[in-house]
Amino acid sequence: IGLPGSQKEEETARSRNGAWAPGYIKLKASPAGNVRDLYKLRVETTDAENTAYHYDVSVPALAPNDDYNAIAYVRPGAAGSEFSVDLLTADGRSVQGVPRLTREVDKETLGARDVLYLSVGGKMAEMKRSLLGLPALLPGAADDAAEQKGTVQFAYIENDFDMPDLWFGYEAADVVILVTRDEKFINDLNSDNGAPRRKALAEWVRRGGKLIVSVGPSVEHASVVAQVLDKMPLPDFDKMPLINCRIEGSAICPELTNLALWAAANGPAPKALHNVEILRLIPGDGVTVLASESAKVGAKT
């Protein structure tokens, strides 16, 4: 229940009371398989006023002994909320159920002031270390954290099929980082099957969500990422991409001074990086440039 942790480590899911979250349900088809719409899944719980409600999701056609991960959506009302999962026939007859599921309050339930970073497409260990080390790096950050009494939390989605296919599945996240270094992940997201997940993420951004796109190490890779962004149009603006920037090759930047000053905000500026290869972005209408640098176009590292 909630935005998942890494499948490779013992990390729990994250959900926030009063916010929608995905619920992941693993199914295995019988030896005979099943046709489409023969079954449906029902997740039932209570809202903040202790009123029961349920969410249904159809089970697609499955081949014999096929594995399938279904996503339902819930909005936990309290830390102690209980959840039940039922496999039903199309006419509502119960086939199998799992009652009285709960979350681990200390590990899985986010506090009201906690900040959740969701990494989609892979883990970013460096980012996690940096964010956890902020109180030691920024003057006054420790005092601010103590005053807010919140913590920095992390969740990871490593496969495109685990991404929410409805925008409100991201509601518990404060920031989503789209990691694009895995070629299979980005190609799957770029396919026709990835369309619902692309649209869900774009809709979440349109409604105020904060998205950071981490681009891979080559211009060719960046071009593939640009194709994904072009396929994430904002609703009602069919010709407006999510990020209206054109990529025009790469360049070597002798010194990232302006970036260092922007990153420092009101604190002391860190040492600027030198001779870094960066992509050349041409901003379009509606794009605000926060930091820009001069570069040696066409230079080699």
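For the structure itself, look to the data block above.
By convention here, each chain's residues receive numbers from 1 onward along its written sequence. Local features in this predicted model are restricted to residues of pLDDT 70 or higher, and side-chain atom pairs are both shown and tallied only at a pLDDT of 80 or more, whereas totals for entire chains, interfaces and linings draw on every residue. With hydrogens and water set aside, each side-chain value is computed from the structure's full complement of heavy atoms.

Focus on unusual backbone geometry
Trans is the common state for peptide bonds, and a negative phi is the common state for residues other than glycine.
And then number 1: Positive phi, close to 65°, is recorded for Asp-37, a residue that is not glycine.
And then number 2: On the secondary structure map, Asp-37 appears in the loop between β2 (21-28) and β3 (39-46).
And then number 3: When a residue's accessible area, from a 1.4 Å probe over protein chains only, is under 20% of the maximum for its type it is buried; when over 50% it is exposed; and in between it is partly exposed. When its relative accessible area of 42% is taken as the criterion, Asp-37 is described as partly exposed.
And then number 4: A positive phi angle, near 65°, is found at Asn-50, a position not held by glycine.
And then number 5: Numbering goes from the N terminus for both helices and strands, where a helix is a DSSP run of H or I of at least four residues and a strand is a run of E of at least two. Structurally, Asn-50 can be placed in the loop between β3 and β4 (52-58).

Notes on the pairing of strand β7 (residues 94-101)
And then number 1: Note: two strands are recorded as paired if DSSP finds a minimum of 2 bridges between them. Pairing analysis gives 5 bridges linking strand β6 (residues 83-89) to β7, with the strands arranged antiparallel. Looking at the pairing, Val-85 lines up with Val-98 of β7.

With respect to the sheet that holds β7
Pairing between the strands of a sheet comes from backbone hydrogen bonds, and it takes one of two forms, parallel or antiparallel.
And then number 1: Strand order across the open sheet formed by 4 strands is β4-β3-β6-β7, with antiparallel pairing between neighbours. Of all strands in the sheet, those with a lone pairing partner are β4 and β7, marking the two edges. Taking each pair of neighbouring strands and ignoring which way they run, the sheet shows an average axis angle of 15°. Every angle, taken between N-to-C directions, lies between 0 and 180 degrees, and every axis is a line fitted to C-alpha atoms, over only the stretch in contact when it is a helix.

Quick notes on the side chain of Ser-15
And then number 1: As for its placement among the helices and strands, Ser-15 is situated in strand β1 (residues 15-16).
And then number 2: Under the rule applied, a polar contact is a pair of N or O atoms within 3.5 Å (in protein, one hydrogen donor and one hydrogen acceptor; residues adjacent in sequence only if both atoms are side-chain atoms). Looking at Ser-15, its side chain comes within polar contact range of the side chain of Arg-103, at 2.8 Å.
And then number 3: Here, residues are in contact when the closest pair of their heavy atoms is within 4.5 Å. Ignoring sequence-local partners within four residues, the contact set of Ser-15 consists of Ile-1, Gly-2, Ala-21, Arg-103, Glu-108, Thr-109 and Leu-110.

Section: the pattern of salt bridges
And then number 1: Any carboxyl oxygen of Asp or Glu that lies within 4 Å of a side-chain nitrogen of Lys or Arg is treated as forming a salt bridge with it. Throughout the structure, instances matching the rule amount to 11 salt bridges.
And then number 2: When the shortest N-O distance is used, the salt bridge between Lys-40 and Asp-56 registers 3.9 Å. Of the two residues, Lys-40 sits in strand β3 while Asp-56 sits in strand β4, which places them 16 residues apart along the sequence.
And then number 3: Taking relative accessible area as the criterion, Asp-56 reaches 30% and is therefore assigned partly exposed.

Some words on the packing of aromatic side chains
And then number 1: Pairing of aromatic side chains requires ring centres within 6.5 Å, counting the rings of Phe and Tyr and the six-membered ring of Trp. Pairs whose planes differ by under 30 degrees are stacked, by over 60 edge-to-face, and all others tilted. Overall, the coordinates contain 7 aromatic pairs when judged by the stated rule.
And then number 2: Plain terms: the ring middles of Tyr-73 and Phe-168 are 5.4 Å apart, the flat faces sit at 70° to each other, and that makes the pair edge-to-face. Of this pair, Tyr-73 sits in strand β5 (residues 67-74) while Phe-168 sits in the loop between β10 (152-157) and β11 (175-179), placing them 95 residues apart in sequence.
And then number 3: Look at Tyr-117 and Phe-154: their rings are 6.1 Å apart centre to centre, the planes differ by 25°, and that puts the pair in the stacked class.

Details of helix α6 (residues 195-206)
And then number 1: Helix span, as expected, comes to 1.5 Å for every residue beyond the first. Over its 12 residues, α6 extends 16 Å from the first C-alpha to the last, a length consistent with the 16 Å expected when each residue adds 1.5 Å.
And then number 2: The element α6 is largely enclosed, with a buried count of 9 among its 12 residues.
And then number 3: Those residues of α6 that sit buried are Ala-195, Arg-197, Arg-198, Ala-200, Leu-201, Ala-202, Glu-203, Trp-204 and Val-205.
And then number 4: Of the residues flanking the end of α6, it is Gly-208, one or two places downstream, whose phi is positive at about 115°.

Bear in mind that shape data such as this cannot, by itself, settle questions of function.
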